[in-house]
Amino acid sequence: MNPLDVLRYGEATWQGALERIPPAEREREGVCGWWSVKQIVAHLASYEVLLEEILSGFTDTPIPVPLTTELGTGGPYAFNDSQGGLRQTWSLDAVEQEYLAAHQRVLAVAQGVDPAIWSQVGTLPWYGADYALDDFIVYSFYGHKREHSAHLDVFADRLKEENRS
């Protein structure tokens, strides 16, 4: 498996789904539970920043961002609430720009990870002793983007149907 390709494919799927949603509809609630597209983008942006931190720990230049501590202490629901709250008052443009910038940094940092480390089991003990970094990328990032892409696809279809009425 090539984890950089997995990151790129997940991003391509996400961007394809996002393109289906007109900017004027991206703050409408109800896309994923009560979340709007903007809130989903903010949610994914926080995970991109988290992934940047995690991957940097496998390079010569770790980035000291305390998000893994926050995630480990409070769990994913508290992390979502905290990180979503930080971005709640941001403009749609600011949230989208943060997401894109964080994803570009993730790709840059990922290129600095030694290829032998990606499939080495046990490098993320908090994720599970039987898993490797590339497993984490597939399940927690590729899968995560596919999940939210499906929410956007359903929302896009709903908007299309509303416009027919």
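See the structure shown above.
Residues numbered from 1 in each chain as written. Predicted model: local features only at pLDDT ≥ 70, side-chain atom pairs only at ≥ 80, totals over all residues. Heavy atoms only, no water.

This part takes up the pattern of salt bridges. Throughout the structure, instances matching the rule amount to 12 salt bridges. Across the pair Arg28 and Glu162 runs a salt bridge, and its minimum N-O distance is 3.0 Å. With Arg28 in the loop between α1 (3–19) and α2 (37–56) and Glu162 in helix α6 (residues 133–164), this pair connects stretches of sequence that are 134 residues apart. For Lys145, the salt bridge goes to Glu48, with nearest N and O atoms at 2.9 Å. With a gap of 97 residues between them, Lys145 in helix α6 and Glu48 in helix α2 connect regions that are remote in the sequence. (Salt bridge = Lys/Arg side-chain N within 4 Å of Asp/Glu carboxyl O. Helix = DSSP H or I, 4+ residues; strand = E, 2+ residues; numbered from the N terminus.)

All right, on to the packing of α2 against helix α4 (residues 92–111) then. The N-to-C vectors of α2 and α4 enclose an angle of 25°; their axes lie 8 Å apart at closest approach. Judged by the inter-axis angle, α2 sits roughly parallel to α4. For α2 against α4, the interelement crossing comes out left-handed. Along its contact with α2, which presents Lys38, Val41, Ala42, Leu44, Ala45, Glu48, Val49, Leu51, Glu52, Leu55 and Ser56, the element α4 presents Leu92, Val95, Glu96, Glu98, Tyr99, Ala102, His103, Arg105, Val106, Val109 and Ala110. For the contact of α2 with α4, the per-class residue count stands at 14 nonpolar, 2 polar and 6 charged. (Axes fitted to C-alpha atoms, helices over the stretch in contact; angles between N-to-C directions. Parallel < 35°, antiparallel > 145°, perpendicular 65-115°, else oblique. Left-handed = near helix turned anticlockwise from the far one by under 90°. Contact = heavy atoms within 4.5 Å. Nonpolar A, V, L, I, M, F, W, Y, C, P; charged D, E, K, R; others polar.)

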